[in-house]
Amino acid sequence: VKTVSRSVKGGARSATAAAAYRTGEQVADQRTGEVHDYRRRGGVEHVAMHLPAGAPAMTTSELWSAAELAEKRKNSTVAREVEVALPHELAPAQRHALAEQITRRLVERYQVAAQVAVHTPDQQGDKRNHHAHILCTTRAMDASGQLGAKTRQLDDLKTGPQEVLWIRQMVETETNQALARAGIDARIDMRSLADQGIERAPTTHEGPRVTQIRRECEREQREPLGACDVILLNDARRLPSLEKLQAEAQQLDAEIIDLTAALDARRAQEIEE
């Protein structure tokens, strides 16, 4: 569960830009006049919008421009995102249905508007990494489609952790039910790997800009950025130990001292001559 915020500390992002990137669409921001165009990006397999009962249908631009216009402060949180891993064992249509069901549950609980985008695995990463980005408004929406009061449950220090736990439990339940319906024995566990007693090497998450650069390199048939990562990793593995570095530093200090002494002797000789 993440936030999209105008605050510099939050990455200074807009709801319209976030929605355009996740859906692979062109989104015009009515508040700023900016146009965010991600129609050339790949990897977006399915997009759907879910609104509270009775709310009129909206386009991506209309919904997220309304979310931006509803916030007046320069550091406002303009959207909230729930990112969900989807089982690679499911067929595409089954993953889409699962992502939409999870989105509906969020809309029902918080009475917000939400848009889900199902993404396929990145070509440079784990081929099983099917996932969904669910972008939610931070304000409740009424039957007329107007955004009203802020939904504070996830922001409150007391209720926030409980709400995140509810989301994780809900995702676990909906996912396991989808797997059972598909006749698949695999199940997911909301607990962390540490709580499950499983050790795994940490991974690094790439932000949207790095992912975009990778895809641009693929389209233009340039050397992928991933090669740089491999080089850096190999270089890191070849780094000498601290003890070796200290020994080399001491050797350099000795050589500097010897050189200084030689220079002093040479100057003294020149003076005498």
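Nothing here was measured: the structure is a model prediction, and the numbers come from that model.

**Here we look at the pattern of salt bridges**
For the structure on display, the rule yields 13 salt bridges. We note a salt bridge from D189 to R191, for which the minimum N-O separation is 2.6 Å. Under the relative-accessibility criterion, D189 is labelled partly exposed at 31%. Residue R191 is classed as partly exposed on the basis of its relative accessible area of 44%. Taken together, the shared-partner salt bridges connect R6, R31 and E68 into one network.

**Brief notes about the side chain of S76**
For S76, the location among the structural elements is in the loop between α2 (60–69) and β5 (77–85). Polar contacts involving the side chain of S76 include one to the main-chain carbonyl oxygen of R73, which spans 3.0 Å. Not counting residues up to four positions away in its chain, the partners in contact with S76 are V4, S5, R6 and E71.

**Side note on the sheet that holds strand β7 (residues 131–136)**
The antiparallel open sheet is built from five strands, whose spatial order is β1-β5-β7-β6-β4. The sheet is open, and its two borders are formed by β1 (2–5) and β4 (44–50), each paired with just one other strand. On average, each strand axis in the sheet is inclined to that of its neighbour by 20 degrees, with strand direction left out of account. Across six bridges, β4 lies against strand β6 (residues 114–119) in antiparallel orientation. Counterpart to A48 in the pairing with β6 is V116.

**Some words on the environment of V118**
Here V118 lies in strand β6. Placed 26 residues apart in sequence, V118 and P92 show a C-alpha to C-alpha distance of 9.5 Å. With near-sequence residues (within four places) excluded, V118 lies in contact with G43, V44, E45, H46, L86, H96, A99, H131 and A132.

The rules we used
Note on numbering: residues in each chain are counted from 1, in written sequence order. For a predicted model such as this one, the threshold for reporting local features is a pLDDT of at least 70, and the threshold for listing and counting side-chain atom pairs is 80 or more; totals across whole chains, interfaces and linings nevertheless cover every residue. Calculated side-chain values reflect all of the structure's heavy atoms, with hydrogen atoms and water omitted. A pair is scored as a salt bridge if a Lys or Arg side-chain nitrogen falls within 4 Å of a carboxyl oxygen belonging to Asp or Glu. Throughout, exposure labels follow a simple rule: accessible area from a 1.4 Å probe, protein chains only, divided by the maximum for the residue type, with under 20% read as buried, over 50% as exposed, and the rest as partly exposed. Secondary structure counts use DSSP, requiring at least four H or I residues in a row for a helix and at least two E residues in a row for a strand, with both numbered from the N terminus. Within 3.5 Å is the distance limit for a polar contact, defined as a pair of N or O atoms, with the added protein rule that one can donate a hydrogen and the other accept it, and that residues adjacent in sequence qualify only through two side-chain atoms. Throughout, a residue-residue contact means that at least one pair of heavy atoms, one from each residue, lies within 4.5 Å. Here, a strand pair is defined by DSSP locating no fewer than two bridges between the strands. Here an angle of 0 to 180 degrees is reported between the N-to-C directions of two axes, which are lines fitted to C-alpha atoms, with helices fitted over the stretch in contact.

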